[in-house]
Amino acid sequence: MRIICPFCGERELGEFTYLGDAKPQRPAADAGEDAVYDYVYLRDNIAGVISEYWYHGGGCRAWLKVTRNTLTHEISAVEPAAGAGAAKVGA
Amino acid sequence: MKYSIFSLARAALSGHKNWKPTWRDAAPKDRYDVVIIGGGGHGLATAWFLASEFGIRNVAVLEKGWIGSGNAGRNTTIIRSNYGLPGNTGFYELSMKLWETMEQDLNYNAMVSQRGVLNLYHSDAQRDAFARRGNTMRINGIDAELLDQAALRKMLPFLNFDNARFPVQGGLLQRRGGTARHDAVVWGYAHAASALGVDIIQNCEVTGFTRDANGKVTGVETSRGRIGAGKVGMAVAGSSSHVAAMAGLRLPIESHVLQAFVSEAIKPLIPGVMTFGAGHFYVSQSDKGGLVFGGDIDGYNSYAQRGNLPVMEDVCEGGMALIPMIGRVRLLRQWGGIMDMSMDGSPIIDKSPVDGLYINAGWCYGGFKATPGSGLVFAHLLARDESHKEAARFRLDRFQRGAMIDEKGQGAQPNLH
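This structure is a prediction, so every number in the text was calculated from the model and none was measured.

**Q** Outline the sheet that holds strand 15 (residues 290–301) of chain B, supporting the account with residue identities and numerical values.
**A** Residues and elements named next belong to chain B. Sheet architecture is open: eight strands sit in the order 5-6-4-13-14-15-12-16, paired in mixed fashion. Two strands bound the open sheet, and with one partner strand each, they are strand 5 (145–148) and strand 16 (331–342). Ignoring which end each strand starts from, the neighbouring axes of this sheet average 25° apart. Bridging between strand 14 (residues 281–285) and strand 15 involves four bridges; their strand directions are antiparallel. Within the sheet, the bridge partner assigned to Gln285 lies in strand 15 and is Leu291. Contacts from helix 8 (residues 309–322) reach strand 12 (253–265), strand 13 (273–276), strand 14, strand 15 and strand 16 within the one sheet, and its direction differs from that of strand 15 by about 140°.

**Q** I'd love a proper account of the UniProt feature "domain: Rhodanese" (unreviewed entry) in chain B, names of residues and values included.
**A** Per the UniProt record, "domain: Rhodanese" (unreviewed entry) is found at residues 34–78 of chain B. Split by type, residues 34–78 of chain B is 27% helix and 20% strand. Its first and last C-alpha atoms lie 30 Å apart.

**Q** Lay out helix 6 (residues 182–195) of chain B with the relevant residues and their values.
**A** It helps to recall that an α-helix has 3.6 residues per turn; residues three or four apart then point in one direction. Residues and elements named next belong to chain B. Compared with the 20 Å implied by 1.5 Å per residue over 14 residues, the 20 Å span of helix 6 between its first and last C-alpha is a close match. Where helix 6 is concerned, the buried positions are His182, Ala184, Val185, Val186, Trp187, Gly188, Tyr189, Ala190, His191, Ala192, Ala193 and Ser194. The inward-facing, buried residues of helix 6 abut helix 2 (41–52), helix 3 (88–106), strand 8 (199–201) and helix 9 (371–384). Gly197, located one to two residues past helix 6, shows a positive phi value of around 105°.

**Q** Give me the packing of helix 2 of chain B against helix 9 of chain B: which residues, what numbers.
**A** Residues and elements named next belong to chain B. Two elements in contact, helix 2 and helix 9, have axes whose closest approach is 7 Å; the angle formed by their N-to-C orientations is 55°. The orientation of helix 2 with respect to helix 9, classified from their angle, is oblique. When you trace helix 2 past helix 9, the crossing you get is right-handed. From helix 2, Gly41, His42, Ala45, Thr46, Trp48, Phe49 and Leu50 reach across to helix 9, where they touch Thr371, Pro372, Ser374, Gly375, Leu376, Phe378, Ala379, Leu382 and Ala383.

**Q** Before we move on, can you summarise the nonpolar core with the specific residues and values?
**A** Ranked by internal contacts, the top residues of the largest apolar core, which has 118 residues, are Val35(B), Ile36(B), Ile37(B), Leu44(B), Ala47(B), Val59(B) and Tyr189(B). Listed in part, the eight residues of the second largest apolar core include Ile3(A), Phe16(A), Trp54(A) and Val66(A).

**Q** Which residues make up the pairing of strand 4 (residues 49–55) of chain A, and what values go with them?
**A** All names here are of chain A. Both strand 3 (residues 17–21) and strand 4 contribute to a ladder of four bridges, which runs antiparallel. Residue pairing in the sheet places Tyr18 in a bridge with Trp54 of strand 4. When strand 4 meets strand 5 (residues 63–69), the two strands line up antiparallel, connected through seven bridges. Note that in strand 5 the partner of Tyr55 across the bridge is Trp63.

**Q** Break down unusual backbone geometry for me, citing the residues and quoting the values.
**A** Residue and element names in this part refer to chain B. Here Thr77, not a glycine, exhibits a phi torsion of approximately 60°, which is positive. When the 21 C-beta atoms within 10 Å are taken as the criterion, Thr77 is described as buried. Non-glycine residue Asn107 carries a positive phi angle of around 55°. Of note, Asn107 is situated in the loop between helix 3 and strand 4 (117–121). For Asn107, a count of 16 C-beta atoms within 10 Å gives the class partly exposed.

**Q** Tell me about the pairing of strand 18 (residues 357–361) of chain B, residues and numbers included.
**A** All names here are of chain B. Of all five residues in strand 18, five are buried; the element is thus mostly enclosed. Covered by surrounding structure in strand 18 are Leu357, Ile359 and Ala361 together with Tyr358 and Asn360, the residues of both alternating faces. With three bridges connecting them, strand 11 (residues 225–234) and strand 18 associate as parallel partners. Residue pairing across strands places Met234 opposite Ile359, the latter belonging to strand 18. Summarising the sheet, strand 17 (residues 348–351) and strand 18 pair through four bridges and their orientation is antiparallel. Across the sheet, residue Ile348 finds its bridge partner in strand 18, namely Ala361.

**Q** So what's going on with the interface of chain A and chain B? Which residues, and what values?
**A** Many structure descriptions define interface size as the accessible area lost when the parts assemble. Chain A puts 19 residues into the contact, and the matching count from chain B is 20 residues. Listing elements by their share of the side of chain A that touches chain B, those giving two or more residues are strand 3, helix 1 (33–41) and strand 4 of chain A.

**Q** Go over the sheet that holds strand 6 (residues 75–80) of chain A with me, naming the residues and quoting the values.
**A** Residues and elements named next belong to chain A. With antiparallel pairing, the four strands of this open sheet are ordered in space as 3-4-5-6. In this open sheet, the two edge strands, each paired with only one partner strand, are strand 3 and strand 6. If you compare each strand with its neighbour and ignore which way they point, the axes differ by 25° on average.

**Q** Could you give me a rundown of the environment of Glu74(A), with the residues and numbers involved?
**A** Residue and element names in this part refer to chain A. If you trace the backbone, Glu74 turns up in the loop between strand 5 and strand 6. A residue is classified by how many C-beta atoms lie within 10 Å of it, and Glu74, with 12 of them, is exposed. Residues Glu74 and Pro24 lie 50 residues apart in sequence; the distance between their C-alpha atoms is 22 Å. Beyond its immediate stretch of four places on either side in the chain, Glu74 contacts Arg68 and Asn69.

**Q** Give me the domain arrangement of chain B: which residues, what numbers.
**A** Residue and element names in this part refer to chain B. Domain boundaries in chain B define domain 1 (23–108 + 181–251 + 344–416) and domain 2 (117–177 + 254–342). On a C-alpha basis, the centres of domain 1 and domain 2 stand 27 Å from each other. Counting residues at the interface gives 31 residues for domain 1, matched by 28 residues for domain 2. Counting only elements with at least two residues in the side of domain 1 that touches domain 2, the list comes to strand 3 (78–79), helix 3 and helix 7 (240–245). Here the side of domain 1 that touches domain 2 takes four residues from helix 3, the largest share from any one element. Each residue belonging to the side of domain 1 that touches domain 2 can be placed in one class, and the counts come to eleven nonpolar, 16 polar and four charged.

**Q** Give a description of helix 8 of chain B that names residues and reports values.
**A** Residue and element names in this part refer to chain B. For helix 8, with 14 residues, the first-to-last C-alpha span of 20 Å sits near the 20 Å given by 1.5 Å per residue. Residues of helix 8 that are buried include every one of Val311, Val315, Gly318, Gly319 and Leu322, and no others. Buried positions in helix 8, seen along its axis, are confined to an arc of 100° and lie on one side of it. Tucked inside the fold, the buried residues of helix 8 contact strand 12, strand 13, strand 14 and strand 15.

Parameters at a glance
- Residues numbered from 1 in each chain as written.
- Chains lettered and ligands numbered in written order.
- Predicted model: local features only at pLDDT ≥ 70, side-chain atom pairs only at ≥ 80, totals over all residues.
- Pairing = 2+ DSSP bridges.
- Helix = DSSP H or I, 4+ residues; strand = E, 2+ residues; numbered from the N terminus.
- Axes fitted to C-alpha atoms, helices over the stretch in contact; angles between N-to-C directions.
- Contact = placed C-beta atoms within 7 Å.
- UniProt positions renumbered as here; feature names shortened; annotations may be inferred.
- Expected span 1.5 Å × (residues − 1).
- Buried ≥ 20, exposed ≤ 12 C-beta atoms within 10 Å, placed from the backbone.
- Parallel < 35°, antiparallel > 145°, perpendicular 65-115°, else oblique.
- Left-handed = near helix turned anticlockwise from the far one by under 90°.
- Core = buried A, V, L, I, M, F, W, Y, C linked by C-beta atoms within 7 Å.
- Domains from an automatic or database assignment.
- Nonpolar A, V, L, I, M, F, W, Y, C, P; charged D, E, K, R; others polar.
- Arc of directions from axis to C-beta.

Laid out in structure tokens, this is it:
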């Protein structure tokens, strides 16, 4: 598995660290315990295409949002995660 | 049939041509008291305990492929009970005790070999942590010995003791730990469960649940038709989220790939199971002579049953750091299995929020050693509708209650457990 970093180009997997599914959104501070439980612990854990966060610690040190198939490891899209890095490439 | 020295002698006299299948490959009936999804070690052990301990014999085990084709056939066959936290300590020792009597109980040779599990330490802090863990084990009646470097030099003279960065200072040894033949465990439970009337149904993939007006699970839809059930238990670690989703449930689990490796066969070298404490590398030697070893999970969600090169490199580096001569041995095979990584690194054995559906999941990469214990406590839950006392903490709602069982103290990040 290789990831094509939008800043650095195609790099080997060892340069990247995995955070996980990009779908869970941090609930509002007053959202209540159930919403926090859902955010912290529950996962769809899809067998198929998911969107997920990777960190390019061995390169540009940017957070990336990768679209990947968990059944085949095929990566269909890589884009910068929202933040300062994303602004640089106009994403 | 009953296996003994006499049955072996009889079969030998007839040129081994008269062995009968050891378990029955059944066709599904319309209805069972209990349907177990998953024909791995845990599912088959559960069926056997239901039949032998709890008198429930109208039981089916449904397997998508062939029995033992999932993680039961992909692990590194290690058994041990060297856990430190309440919940885990008692449960894994229950399982260890069941390993010790399994072959007699099942009348099947599972090649259980108590050759010892040794965790090496490489610093004063790690020694203190291991001493504490060993004391926890001994207080709970489990064997543990803290060995110093002099003892290890006699036992394993080939270790890289004087490694400048990670000197081997000693280790924590559980002599009762060891290995078992994983396929024989699956077949042993199948053999004994089948003899008590359990139907083992292969090539039978569950595609959904049937529910009544109140939402109670009344059976399963499968690739071999609808099968009614009084209760349904799922023992499909690796695919738990996938199966639970058919009942509308989301679990505190991610599926990750763990790789394992076997070298070419060599003469006896590694006497027991050994783990490197400064990285993640563990190794034993199979009876065929191959070194069986592994390390960390790959770290990203996967259902692919294969991993990638960075972890392979990391595992081999760990091996080289500990046993430099291992570099002379060629790697023969490598494969991956899909782990149910739970949010605290410990399993879930509980009723689900859906009436009639019971969950046995979240085994992370420790499911093999738990096989007999898991079968007993899950059968207890299915038969009596209450947790076995040694599984009382493995509840699904523990994350909500803040009652995690987190051996490594990593928090809700499954790829770190």
